[in-house]
Amino acid sequence: MKQDLTDAEFDELDSLLQATPEPREQLDVLMLDGYLVGVLVQPRIVPTEEWLPWILDVEGRSLAAYVDADAAWLARTRTLIERRLQALNAAISEDGWFDPLIVDTDRAPPVSEYEPVQSPVSRALLPWAAGFHWAQEQFHELGDSEDEAVANALARIYRHLPAETDEDREVVAVLDREHPLASLEDGIEDLVLAAVDLWDLTHRQRFHVETIQRDGPKVGRNDPCPCGSGKKFKQCHGKT
């Protein structure tokens, strides 16, 4: 399994993210964790250069400016992020489990009267779920799926976000009624397994290799070379 970050490295990554040059607005380390899983469960392999900018700038602007500003900062930040991504991918694919970074509710500030009413479970998991949702905002393939199993798994993660529509509230009500989460441990388990289900559901698409279609019949080694040289294929473009 890929070596995961140590507690000290997670703290370092959090500090590095907070030091992102202004005026760019970056994800924090908790949202980052959900975002990385949201990238991993896409039905295609998303290149680093596509997903990395959306971590360091919610506008998704180029990384070029960072190189000029502080190449060492960018290199270290990128190294830690990529190690976490690799560790998550290995944990999901090999173990069917990972340990998400979530809010320590014992140290979280008191709930404001202006905040949406949420269960303690959803309050702890909200930043991770918000980061996951941010990935789906940037990469639409998963959300565009018509697979009911995909929609159900997404709903199990999005239940921890504030409901914005009547339809969202109805989905959450059904989940709370049919799949109640009695404790934070239950909430973590359900969220992780929903993400693992998504990884499994998109696995075949993600690693599908397109079959090369030939424009014409296969050329035999003793056939005339298609280039028109008059030589046999094996003596011309078919040489090994």
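Every value quoted in this text rests on a predicted model; they were computed, and no experiment measured them.

Caption draft 1: Highlighting the overall build of the chain. If you tally the helices and strands in the chain, you get nine helices and zero strands. Along its sequence from the N terminus, the chain presents helices and strands in the succession α-α-α-α-α-α-α-α-α. Taking all 240 residues of the chain together, the buried fraction comes to 38%. Within the chain, counting contacts between residues at least 6 apart in sequence, those at least 24 apart form 67% of the total. Here the chain has roughly 14,300 Å² of accessible surface; of this, 50% comes from carbon and sulfur atoms.

Caption draft 2: Main features of the confidence of the model for the chain. Chain-level statistics for the chain give a pLDDT mean of 85 and a share of 79% at 70 or above. Contacts from residues 210-214, a stretch scored under 50 in pLDDT, to residues over four places away or in other chains number zero contacts.

Caption draft 3: Structural context of the nonpolar core. Within the largest apolar cluster, 55 residues are counted, with the highest numbers of intra-cluster contacts made by Tyr-35, Trp-51, Ile-55 and Phe-98. Put simply, the parts of the chain that give this core at least two residues each are α1 (7-18), α2 (29-40), α4 (53-56), α5 (64-95), α6 (120-138), α7 (148-158) and α9 (184-206).

Caption draft 4: Summary view of the side chain of Asp-57. Checked against the element boundaries, Asp-57 lands in the loop between α4 and α5. The exposure class of Asp-57 is buried, given its relative accessible area of 0%. A polar contact is formed between the side chain of Asp-57 and the side chain of Arg-24, at a distance of 3.4 Å.

Caption draft 5: Quick peek at the environment of Asp-200. Turning to its location among the elements, Asp-200 is positioned in helix α9. What makes Asp-200 partly exposed here is its relative accessible area of 48%. Distance in space between the C-alpha atoms of Asp-200 and Ser-93 is 8.4 Å, their sequence separation being 107 residues.

Caption draft 6: The arrangement of the environment of Arg-206 in detail. When you line up the elements, Arg-206 lands in helix α9. In this structure Arg-206 comes out as buried when scored by relative accessible area, which is 8%. For the pair formed by Arg-206 and Leu-40, sequence separation is 166 residues and the distance between their alpha carbons is 9.4 Å.

Caption draft 7: Just the environment of Ala-173, in detail. For Ala-173, the position within the fold is in helix α8 (residues 166-178). On a C-alpha basis, the gap between Ala-173 and Arg-159 in space is 9.1 Å, while along the polypeptide they are 14 residues apart.

Rules and cut-offs
- Residue numbers here run from 1 along each chain, matching the order of that chain's written sequence.
- Under the rules for a predicted model, residues below a pLDDT of 70 receive no local features and side-chain atom pairs below 80 are neither given nor counted, while totals for whole chains, interfaces and linings still include all residues.
- Computation of side-chain values covers all heavy atoms of the structure but excludes hydrogens and water.
- The numbering of helices and of strands both runs from the N terminus, where a helix is a DSSP run of H or I of at least 4 residues and a strand a run of E of at least 2.
- Accessible area is worked out with a 1.4 Å probe on protein chains only. A residue is then buried under 20% of its type maximum, exposed over 50%, and partly exposed in between.
- Contact criterion: two residues are considered in contact whenever any of their non-hydrogen atoms come within 4.5 Å of each other.
- The method behind every accessible area is Shrake-Rupley, applied with a 1.4 Å probe, and residues are considered shielded solely by the protein chains displayed.
- Confidence of the predictor at the level of single residues is given by pLDDT, which spans 0 to 100.
- Nonpolar cores are built from buried Ala, Val, Leu, Ile, Met, Phe, Trp, Tyr and Cys residues. Side-chain atoms within 4.5 Å join them into one set.
- For the purposes of these results, a polar contact is taken to be a pair of N or O atoms within 3.5 Å, where, inside protein, one atom must be able to donate a hydrogen and its partner to accept one; residues adjacent in sequence count only when each atom of the pair is a side-chain atom.

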